[in-house]
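# What the coordinates show
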Amino acid sequence: MKNQAIYREVAKLMMPFILMFAMYVQFHGDFGPGGGFQAGVILAVVYILYALVFGLGNARHVTPMTILRFMLAFGVLLYAGVGMVTMFMGGQFLDYNVLSHDPAHGQHLGVFLVELGVGISVAAAMITIFFVFSGQEH
Amino acid sequence: MTAHLPVLQVVLPLMAAPLCVVIRQLTLVRLFSLVVTGTAFLISATLLYQVNTAGPISYAIGNWPAPYGIEYRIDLLNAVLLFIISLIGFLVLIYSKNSIAREITQNRLYLFHSLYLLCMTGLLGMVITGDVFNLFVFLEITALSSYALIAMGGGRLGNPQALYAAFRYLILGTLGGTFYIIGVGLMYMMTGALNMADLARLLPSVFDTTTIQAALGFLVVGITLKMALFPLHMWQAAAYARAPSTVSSFLAATATKVAVYVQLRMIFTVFGQIPLFRDTPLDEILIVLALSSMIIGSLSAVYQKDMRRMLAFSSLAQIGYIVLGIGLNNATALSASIVHLFNHALMKSALFMALGAVFMSTHSVKRGAMRGLGRNMPITMAAFVVAGLSLIGVPLTSGFISKWLLVQGALESGMWPVALMILVSSLLSIIYIWKVVEAAYFKKPKRALPKARDPGPTMWVPMWILAAASIWFGVDAGTTVGIANKVAETLLGGVPQ
Amino acid sequence: MSTDLLEQVSGHFNYWMAVILMMVGLYVVLSRHNLIKKLVGLNIFQTSVFILYVSMGKIHGGIAPIYVEGVTEQPVFSNPVPHVLMLTAIVVGIATTALGLSLVVLIKKTFNTIEEDEIQASLDKKRRKP
């Protein structure tokens, strides 16, 4: 599909908006519907679209496996790390109230960080799954 | 920090799993995961001590109080299970070094450690949580990581059956997990509760609805599939026989035991306020299935030539004993179940470890290949014999204690034919263990054995710790039986823990 | 009697659909010998559970549970908990499918087939040979 000009132009046009929407779902998740899972999948869609239109080689070049693997681990560690921090700050595991002076702010910050971790992990996982399956030789 | 021990028990291995992927350097990964499993073992020992002296511990995740948030609740029963899992997890990881280097592709070894820790996280989480849906999540974490671990057996030695075994396990395991979650959904529909204690409080008023009875059916079938009770045991033999030796010694000792724990929890805590054994035919069903498992498992074990398959079928029989104790519905039989849960984990893990050592030096676990090994590998085969005697239930071994209690329990319920069946199944186990002993000690090898020698101390020390423990708990059964009696009393008391 | 039956069907429409999907999925898993078809069946089976959960959280006239500041009379909310539970279950389902498919890819590479009976046959042949 590399030589199809229309595909390429449309994909180029759409990708920033999909990316933007992923960010919206991620960061607006505390006020409305949304959250890390959904945002992660939408973010992964951008990469999959890119890989479909511009070829797998280019896509792999953009996000090497080592980075994906690191993101995968980092998301989980961020989630559990927030839990550990709340524990060291005197609360229960994942008790966001202690993160800030105002419990409401603490909850906000905690959910934000945890969802960020979820988003990063899910995006990395979806991209990894896509890369692994599409990398099979026939 | 001691107040946070319940959550650390699960979160430590959970955080360590992705860290293994980040570290990647094999020596470091190995050292790191040994430290983590060792710490987890110390935590579980502390928790067992605390619970035994001071009573149940409750921990609210995120400080959301019990019926609303997820609660980790540890009473004596799960403290014992946590102890078993982390003990076996630690010992098997020490043992694993040379074995996995031989059986798993080199560049996947760091992934093995990551998956192993994840599997342990799942098992610990299933046991520790007081929330039925959280239990499902941990169940799937365990299941997914164990499918991948079993498939790793297909790696280095060209053992393609491992892949197929893992796939079949994946299909059946997912069916089991989904059955469980359907049951949970139906209970949630009627009560709006997911917390175990809360469910126990709310269920009696709605138990006469078909919804809840269907839920009970789905739960029992799903969990029975997970613990590989007859007739849902088909996945087990292939999975344990084809997995890397390390993985079979870990999973055979822990995975099915945790499923039994979930069954106990469901029957005696979640449905604890309802006289299930009086109002439903559940006890008859359990007894019939358990007896069939005992006889069919032992009989099949006698005819196996592949020794790992033999042990897998013997596991089927042993799970039969444990479930029989639940179905007999008296305190003696129930505490026999709990003692056997503990003892069987020790001896089965030791047996699989011994076979792993045999596999390392002879590249086969067929009975024929074990001829004359008694002379070449005295340490390994002696451990096999000791654990095997315990499996049979010879006096002065831990297996004797649990079977003795079980027979007593059967007689207490006035079911002497059941007691007879226990004896028959034990006689069958003498046959299949004796066949191995005969091959190893009384037959000459067909050709000169290729330098089959005992493995290094990293392998035989954990093996012998477990084998010696099955003697120790046979001679001094006071501790185990004492704890099991306490657990059985609280479970039968029906008080939600 | 017939109106009763009609009510049974229409009033529990969501549950009937869940049950039908569940049975279709289970049948496909048990009856097909093609590994990919088995996985598809497994997916249908799991989807039926999602429907069971999500539909039980729905309340007639209930809306998405978002708290609006300044409104004195809050409207009826649908129960969000089943949705959250299913979000987790969907992720589990994806993980299972991905793992299952990757196992199928490996099986295809080693056995050169994804038909269960052919795999079994090649395993039997192997067992008989030595």
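Computed from a prediction, not measured in an experiment: that's the story for all the values here. Residue numbers restart at each chain and count upward from 1, following the sequence in its written direction. Chain A is the first chain written and ligand 1 is the first ligand written, with later ones labelled in order. Confidence filtering applies because this is a predicted model: local features only for residues at pLDDT of at least 70, side-chain atom pairs given and counted only at 80 or more, and all residues used for totals across whole chains, interfaces and linings.

### Quick look at the overall build of chain A
Only runs of H or I of at least four residues qualify as helices and only runs of E of at least two qualify as strands under DSSP, and these elements are numbered from the N terminus. The helix and strand tally for chain A stands at five helices and zero strands. Ordering the α and β elements of chain A from the N terminus gives α-α-α-α-α. By principal-axis analysis of the C-alpha atoms, chain A measures approximately 60 × 30 × 15 Å. By the burial criterion, 38% of the 138 residues in chain A qualify as buried. Contact between two residues is assigned when their C-beta atoms, built from the backbone, lie within 7 Å. Contacts in chain A between residues at least 24 apart in sequence constitute 61% of all its contacts with a sequence separation of at least 6. Exposure in this text rests on C-beta crowding, where 20 or more other C-beta atoms within 10 Å of a residue's own make it buried, 12 or fewer make it exposed, and counts in between make it partly exposed. The C-beta atoms are placed from the backbone.

### As for the interface of chain B and chain C
Facing the 23 residues of chain B at the interface are 25 residues of chain C. Secondary-structure elements contributing two or more residues to the side of chain B that touches chain C are helix H5 (132–151) and helix H6 (161–191) of chain B. Under the convention adopted here, Pro, Cys and the residues Ala, Val, Leu, Ile, Met, Phe, Trp and Tyr are nonpolar, Asp, Glu, Lys and Arg are charged, and Gly plus all remaining residues are polar. In terms of residue class, the side of chain B that touches chain C is made up of 17 nonpolar, five polar and one charged.

### Considerations on the interface of chain A and chain B
Each partner contributes residues to the interface: chain A has 15 residues there, and chain B has 13 residues. Per-class residue counts for the side of chain A that touches chain B are nine nonpolar, four polar and two charged.

### Structural notes on the packing of helix H7 (residues 196–206) of chain B against helix H10 (residues 245–270) of chain B
When two helices pack together, their arrangement is given by the angle between the helix axes and by the axis-to-axis distance. Residue and element names in this part refer to chain B. It is at 9 Å that the axes of H7 and H10 come closest, and there the two elements cross at 50 degrees. Considering their axes alone, H7 and H10 lie oblique with respect to each other. Across the interface between the two elements, Met 196, Leu 199 and Ala 200 of H7 pack against Arg 265, Thr 269 and Val 270 of H10. Whenever a helix is involved, its axis is fitted only over the stretch in contact; in every case the axis is a line through C-alpha atoms, and angles between N-to-C directions fall within 0 to 180 degrees. Angles are sorted into four bins: roughly parallel if under 35 degrees, roughly antiparallel if over 145, roughly perpendicular if 65 to 115, and oblique for all others.

### Digging into unusual backbone geometry
Backbone torsion omega between Phe 230 of chain B and Pro 231 of chain B reads 0 degrees, so that peptide bond is classified as cis. Residue placement: Pro 231 of chain B occurs in the loop between helix H8 (210–226) and helix H9 (234–242). With a phi close to 65 degrees, Leu 94 of chain A is a non-glycine residue in the positive phi region. Mapped onto the elements of the fold, Leu 94 of chain A is located in the loop between helix H4 (65–88) and helix H5 (103–134). A count of 24 C-beta atoms within 10 Å places Leu 94 of chain A in the buried class. For Asn 112 of chain C, which is not glycine, the phi torsion reads 65 degrees and is therefore positive. Structurally, Asn 112 of chain C is set in the loop between helix H4 (81–111) and helix H5 (116–128). A count of 10 C-beta atoms within 10 Å places Asn 112 of chain C in the exposed class.

### A short note on helix H2 (residues 26–54) of chain B
All names here are of chain B. In this model H2 runs 41 Å from its N-terminal to its C-terminal C-alpha over 29 residues, within 8% of the 42 Å that 1.5 Å per residue would give. Taken together, the buried residues of H2 touch helix H1 (5–23), strand E1 (57–60), strand E2 (71–74), helix H3 (76–103) and helix H4 (109–128). Gly 55, located one to two residues past H2, shows a positive phi value of around 90 degrees. What a helix should span is 1.5 Å times the count of its residues minus one.

### Observations concerning the packing of helix H14 (residues 331–362) of chain B against helix H17 (residues 398–412) of chain B
Residues and elements named next belong to chain B. Viewed as axis vectors pointing N to C, H14 and H17 meet at an angle of 160 degrees, and their least axial separation amounts to 8 Å. Here H14 lies roughly antiparallel to H17, going by the angle between them. In terms of crossing hand, the pair formed by H14 and H17 is left-handed. On the side of H14, the interface is formed by Thr 332, Ala 333, Ser 335, Ala 336, Val 339, His 340, Asn 343, Leu 346 and Met 347, while H17 contributes Ser 398, Gly 399, Ile 401, Ser 402, Leu 405, Leu 406, Gln 408, Gly 409, Ala 410 and Glu 412. Tallied by class, the residues present in the contact of H14 with H17 amount to nine nonpolar, nine polar and one charged. Handedness of a helix crossing follows the sense of rotation of the near helix relative to the far helix, less than a right angle counterclockwise being left-handed and clockwise being right-handed.

### Side note on the nonpolar core
The nonpolar core criterion groups buried Ala, Val, Leu, Ile, Met, Phe, Trp, Tyr and Cys residues into a set whenever they are joined through C-beta atoms within 7 Å. Ile 150, Ala 166, Ala 350 and Met 463 of chain B are the most contacted members of the largest nonpolar core, which has 269 residues in total. It is H14 of chain B that contributes the most residues to this core, 20 residues altogether.

### A few points about helix H1 (residues 5–27) of chain A
Residues and elements named next belong to chain A. In a regular helix each residue adds 1.5 Å, so 23 residues correspond to 33 Å; H1 covers 34 Å between its end C-alpha atoms and thus fits that length. Where H1 bends most, at Met 14, the angle is about 30 degrees, and the proline Pro 16 comes one to four residues later. Of all the positions in H1, only Ala 22, Val 25 and Gln 26 are classed as buried. Buried residues along H1 sit against helix H2 (36–54) and H5. At any given residue, the bend is defined as the angle formed between two axes, one fitted to the seven residues that end at that position and one fitted to the seven that begin there.

### Points about the confidence of the model for chain A
Scored from 0 to 100, pLDDT reflects the predictor's confidence in each residue. Taken as a whole, chain A shows an average pLDDT of 85; of its residues, 96% reach a score of 70 or greater. Here helix H3 (residues 56–62) of chain A is the element of chain A with the lowest mean pLDDT, 83, and H1 of chain A is the one with the highest, 89.

### Things to note about the environment of Phe 277 of chain B
All names here are of chain B. Inspection of the secondary structure puts Phe 277 in helix H11 (residues 276–279). Measuring from C-alpha to C-alpha, the distance between Phe 277 and Ile 379 comes to 47 Å, with 102 residues separating the pair along the chain. Among residues more than four places away in sequence, those in contact with Phe 277 are Leu 282, Asp 283 and Asn 329.

### Section: the pairing of E2 of chain B
Residue and element names in this part refer to chain B. Alternating positions in E2 separate into two faces, Glu 71 and Arg 73 on one and Tyr 72 and Ile 74 on the other, with burial throughout. Two strands form a pair only when DSSP identifies at least two bridges running between them. Bridge analysis of E1 against E2 gives four bridges, and the strand direction is antiparallel. Considered in E2, the bridge of Ile 57 is made with Ile 74.

### A short note on the environment of Phe 384 of chain B
All names here are of chain B. Mapped onto the elements, Phe 384 comes out in helix H16 (residues 378–392). When the C-alpha positions of Phe 384 and Ile 483 are compared, they lie 28 Å apart, and in sequence the two are 99 residues distant. Every residue in contact with Phe 384, bar those within four places of it in the chain, is listed here: Leu 351 and Ala 354.

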